[in-house]
Each structure stands twice: as C-alpha cells, then as structure tokens.
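# Residue-level structure breakdown
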Amino acid sequence: MPRFPKPWSKKRGKRILGHALAGEAGELTFYAGLFLVGVFGFSLVLINEVAPESVSQVPTDALSTGLGTWIFGILSLAALVTGGVTLLYRLARIGASSERRSAIAKMAGAIEMIGPSADDSQSLPSVPKGSAITESPGERLTYRLAAEKASSGIAGPATLALLWSSVWLVLLAVVVSGFWNGRPRWYLAVLLVPFAMISVWSFRFFLTQFRQFAGVGPTIVEIGSHPLVPGGQYDLFISQSGRLKMKRLTVLLTCEEETFYRQGTDVRVDRHEAIRQVIFKERNVAVDPQAPWEQQLHIDLPDNVMHSFVGTHNAIRWKVVVSGESQPWPSFCRSFPVVVHPPGLSLKHNPRST
Amino acid sequence: MTLCNADGLYCAGGELSAKWRISRVPLDEVQGVEVSVLWHTEGKGDEDLNVHHFQRVAEHQLRRIGLADEQVIHCVLPRTPLSYHGRLISLQWCVRLRLFMVTGREIVAEQPFHLVSEEMARPHSLAPDRLAVTLPRANGKPRGNVLEPAPAS
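Since the structure is predicted, the reported quantities are computational estimates derived from the model, not experimental observations.

Another point: the overall build of chain A. When its secondary structure is counted, chain A shows 6 helices and 11 strands. Relative to its full complement of 354 residues, chain A shows a buried share of 25%.

Set out below in structure tokens:
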C-alpha cells in the first residue's frame, strides 16, 4: 500500500525519519501560508481604515471595534513579517551545502570588519576570549575571577512565599466569612489544603535560601596568571567569608564537556566532567565573620589537555570550583570559569597595565 | 584525496596541502565540486561545523580543467580548535569534497586529519606513556585526541 508522503521530517540521533526534502517543502508551505494570511488580514484592516464602505460585505467581528481592528492589524502584520522573512531565509538555504553556508556566513562576518585588526593575527578561533575574567585585578594575585553565576538572591523566594501566603489568607477569609454567614463554600475549603501545602513549601524554600544567603558569605578566588596553558603552574588564592562551620571544603579544577541537543521540541543540555583535579580538601573548616578562611594554593595543569572551546551547540569549559558542606547552613558550590589556551599560543594581558 | 602529511598530523597554524582527483565519473554528469577544509563536532550534541577554507569549482571550470588531472588545495590552518575526542564531544578536522551530479545527487568524500599543538606533534611527546593524541591507524581511519578521564567521584 503506497504511503502518503509526510510534510515533515524528524531527527532521531543521526537518522532522519521522513524525507528531508519533504520537511523543507512542509516548512516552505507553512511559512508561505502564514505570509499570505498576514497579507490578507492586513489588507482587510487597511481597507477597513481607509475605505470602510468598500468592506461592508465582509463579515468579520474583529473589525467591529477600534481596538479589535488594531489587534487584528498587529497580528496580521506579525504573521506577514514572520512568514515573509522566514520564507526568504529558508529559500536561501535550499540548494546550498552546509559547507557553503558556513563559508558564506564566514565571508559575511568578514565584510563587517574594515580591516584585520592587530589582534586578528593572534586570534584563537572558537576559544573564548575570557576578557570578562581578566578585567578585574585582584588584591593578592593578578586577577580576581568572577563567579559563573551570582548567588541566587532571596527576593524571588521571599516574593513567592509572601504572595502565596497572601492568596491563601484571602481564600481563608472568604471561607470563614461563608461559614459565618451560613453559606459555606466547601470547594474553597477543600482547596485550602493543597494551597496551604504549597504555601508551607514556598516558606521553607525561602528559609533555606535565607540561611544560605545569611550564613555563607562571598567566595573570592584570585589567580596569578591567565589564561592557563597545559603544563603550567599557577598560584591561586581562595577566601571564604561568612559565619559557618564546614564539615568539608573542597577546591577543584574541572574540565567539563557541555552539549546542547534537541529532543523533539525541547532543547536539552548534557554535561560530563572530563577532568577533575582536587587542588585542596580539608575537613572541619571554621569560618568567622572577623577572620575569613584564606588559603594560598597551586594549580598544576596537566600536559596534553584540551583547551577551552565554545561552539554553537558544544563547549569545553574549565573552571575552579569551590564547594563546602556545612551545618546547619545548606551546602554551597561556586564555580569560577577560567580559559585554557593551547600550549605555545597563549596571549598575555595584564589588567594593571591597561 | 591525499594529504601532504602521511600521518595526518598537522601543527596548529601550519600549512596544509591536499590533492584531489575524481575518477570513474563522466565529466558530463558532474555539475560542480566543492572542496572545503573544515572542522565539525560529533557526539551527543547537535553538530557544529565551521569551514576554514572553501573552494567551489563550477561546471564550466570543471570542463576547462577536466577530471583526470590531480588538483591541489593549499591553506594555512588556524591555531584552534585542536582535534579532540571526549565522551560527549568529538572535534574532527577534515578535507571534504562534495560532488554535485546533474541528477541532483551529491557524493561526499572526506579525508580526516588531526590539528595538534606543536608540543603534541613533537616526536618525544608521542611516547606511549604520555600519548594524548591517538595516531592514525594503518588503514588511515581517524581518531581524535583525548583528555584524561575523570576519576570516579
């Protein structure tokens, strides 16, 4: 029995289900349809605004009010622009190999430059520049490393806990008033139970964040030289503030593979720690607000390791990771990205000289 | 396709030259040829591809130069990214030849090679106990370079 060709294709790993050309044709048809719908809708709006007597036969409720006309017009214009631009983009991709597309994109990128700058001859393609890492001078060593992600604030959890508790109290008031007036609202009374559970959870989440915020102070990481080069030795300074007693404090140098891939309509990320070098590990560390825990350490970067790499969907990231297990405060883990260059090709930059 | 270095190892920033020739395909059936020096990723993530050197030979140029003679491409390789073979990501360099047939069919041939740092390319760094880049096998199949595995945490 002949199978009806599907107007889409689906990628399963390296296999493509359905015909790739059918998928492209399906996309082109969809965007062409979107463009035409946009043209039709926008034309209706224009005619309604410019010559309303000529569309008296058009039965559309959307055009009955001024606000409806504007909404209809904006939606039509959005469909027109989205459909048109995407259609042109898809048409330009047809018939060109992936290598040719990449070469064209590279040429287009080169056109924007007036001429090669002095740095171009020294550039390392696909290696992160790490300029954000080297722009902060340190107090003890040359650079102060920036944390990968700022420690999560407590404003969000506090707002969530407060709003949800307020909503729950309003519902409680409605239920109580219903009982008071002899007209009980049983369905609202039942809803109070799950709402109360969410309220308790949000409050506990806020407390956890608050304890972490209040107890674990800032972590300062400074490094003697940057970028790193395989086989090199580097000084590292760590300072941990706060008021906490840690069961264990660990400082690591890690190299992580990171990949992004599409699974259906979702974009997923997967990470794998390819290298994990323990720089420092200590038990029962006490940190006092008056006397931060400070340590001077050394990094011995192994030979023949991969340099930092950033592509569109794949990356290899190096970072210094400081993690602590503490009681009664929650454990914490803070990452400080560094850039590793290939051996013999490193560029030097000193923030104190600029 | 044949590379100028038989072992397929190229230093970052060095020169690459490759010879290519098309045989057993009539000239009349060929619409065009694209030769590129590129790197691409393989593994769990979506593919990244970047063309470093690109050359397109159109139909009229093909008729002038013919298919029988060997053609040569030259390029200076970039300093990064170096070849790599990890658990989730493999980064592979290759010379890729794409043949466009009149019928709309495309034939792709690849000759992989390794882009390595100068230190890795030195003979002493290829001692078995310190081998980070796996050398090509006798059959010319490519492999990438490898990081030290992370100990179980």
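Text resumes after the structure shown.
A count of helical and extended segments in chain B gives 2 helices and 9 strands. Order of helices (α) and strands (β) in chain B, N terminus to C terminus: β-β-β-β-β-α-β-β-β-β-α. Looking at chain B as a whole, 33% of its 153 residues qualify as buried. In chain B, of all internal contacts separated by at least 6 residues, the share reaching a separation of at least 24 is 64%.

A separate point is the interface of chain A and chain B. The interface of chain A with chain B comprises 39 residues on the first partner and 37 residues on the second. Going through the elements one at a time, helix 3 (98–111), strand 6 (244–263), strand 7 (266–287) and strand 10 (314–327) of chain A are the ones with two or more residues in the side of chain A that touches chain B. Across the side of chain A that touches chain B, the residue classes tally to 17 nonpolar, 13 polar and 9 charged.

Along the polypeptide, G73 of chain A turns up in helix 2 (residues 66–93). Filtering out sequence-adjacent residues up to four positions away, G73 of chain A remains in contact with F42 and V45 of chain A.

Another aspect to go through is the sheet that holds strand 4 (residues 216–223) of chain A. Residue and element names in this part refer to chain A. If you trace the 4 strands from one edge of the open sheet to the other, you get 3-4-5-8, paired in antiparallel fashion. The strands lining the two open edges of the sheet, one partner per strand, are strand 3 (143–144) and strand 8 (293–300). Bridge count for strand 4 against strand 5 (residues 233–242) is 6 bridges, and the pairing is antiparallel. Considered in strand 5, the bridge of I220 is made with S239.

Here we come to the nonpolar core. Counting residues in each nonpolar core, the largest one holds 58 residues, and the members touching the most others are L145, V221, V320 and V338 of chain A. Residue contributions to this core peak at 8 residues, all from strand 8 (residues 89–101) of chain B. If we ignore the near neighbours within four places in the chain, the residues touching V221 of chain A are L145, I238, V320, V322 and F336 of chain A. Of all hydrophobic cores here, the second largest spans 7 residues; its members include F35, F42, F72 and A79 of chain A.

What follows covers the sheet that holds strand 3 (residues 15–20) of chain B. Neighbouring strands of a sheet are bound in pairs by backbone hydrogen bonds; such pairs are parallel or else antiparallel. Pairing within the open sheet is antiparallel, and its 3 strands lie in the order 1-3-6 (chain B). Looking at strand neighbours, the two that pair on one side only are strand 1 (2–3) and strand 6 (71–76) of chain B, the edges of this open sheet.

All names here are of chain B. Examined bridge by bridge, strand 4 (residues 30–43) and strand 5 (residues 49–57) share 8 bridges and lie antiparallel to one another. Bridge pairing links V33 to V57 in strand 5. Joining the antiparallel neighbours strand 4 and strand 5 is a turn of 5 residues.

Between its terminal C-alpha atoms helix 5 (residues 155–180) of chain A stretches 37 Å, which fits the 38 Å expected from 26 residues at 1.5 Å a residue. Just past helix 5 of chain A, the residue G182 of chain A takes up positive phi, approximately 80 degrees.

A separate point is the confidence of the model for chain B. In low-pLDDT regions, the fine details of the predicted coordinates are not to be read closely. When pLDDT is averaged along chain B, the result is 80; 79% of the residues meet or exceed 70. Considering only residues more than four positions removed or in separate chains, one finds that residues 125–153 of chain B, a stretch of pLDDT under 50, has 57 contacts.

A word on the pairing of strand 7 of chain A. For a regular strand, side chains alternate in direction, first toward one face of the sheet and then toward the other. All names here are of chain A. Here strand 6 runs beside strand 7; their pairing, made up of 19 bridges, is antiparallel. Among the inter-strand pairings, L252 is bridged to a residue of strand 7, identified as V278. Between strand 6 and strand 7, which pair antiparallel in sequence order, lie 2 residues; one of them, G264, sits at a positive phi of approximately 70 degrees.

Along the chain, H226 of chain A connects to P227 of chain A via a cis peptide bond; the corresponding omega equals 0 degrees. When you line up the elements, P227 of chain A lands in the loop between strand 4 and strand 5. For the bond from T80 of chain B to P81 of chain B, the omega torsion is -5 degrees, close enough to zero to count as cis. Within the secondary structure, P81 of chain B sits in the loop between strand 6 and strand 7 (84–85). Here the phi dihedral of N284 of chain A falls at roughly 50 degrees; this positive angle occurs in a residue that is not glycine. Mapped onto the secondary structure, N284 of chain A falls in strand 7. For N284 of chain A, a count of 9 C-beta atoms within 10 Å translates into the label exposed. Residues other than glycine seldom take positive phi values, yet N304 of chain A does so here, at roughly 55 degrees. Residue classification places N304 of chain A among the buried residues on the basis of 20 C-beta atoms within 10 Å.

On average, chain A scores 81 in pLDDT, and the residues at 70 or more come to 79%. For chain A, per-element mean pLDDT is lowest for strand 2 (residues 15–17) of chain A, which scores 60, and highest for strand 9 (residues 309–310) of chain A, which scores 94.

Cut-off values and rules
Residues numbered from 1 in each chain as written. Chains lettered and ligands numbered in written order. Predicted model: local features only at pLDDT ≥ 70, side-chain atom pairs only at ≥ 80, totals over all residues. Helix = DSSP H or I, 4+ residues; strand = E, 2+ residues; numbered from the N terminus. Buried ≥ 20, exposed ≤ 12 C-beta atoms within 10 Å, placed from the backbone. Contact = placed C-beta atoms within 7 Å. Nonpolar A, V, L, I, M, F, W, Y, C, P; charged D, E, K, R; others polar. Pairing = 2+ DSSP bridges. Core = buried A, V, L, I, M, F, W, Y, C linked by C-beta atoms within 7 Å. Expected span 1.5 Å × (residues − 1). pLDDT = per-residue confidence, 0-100.

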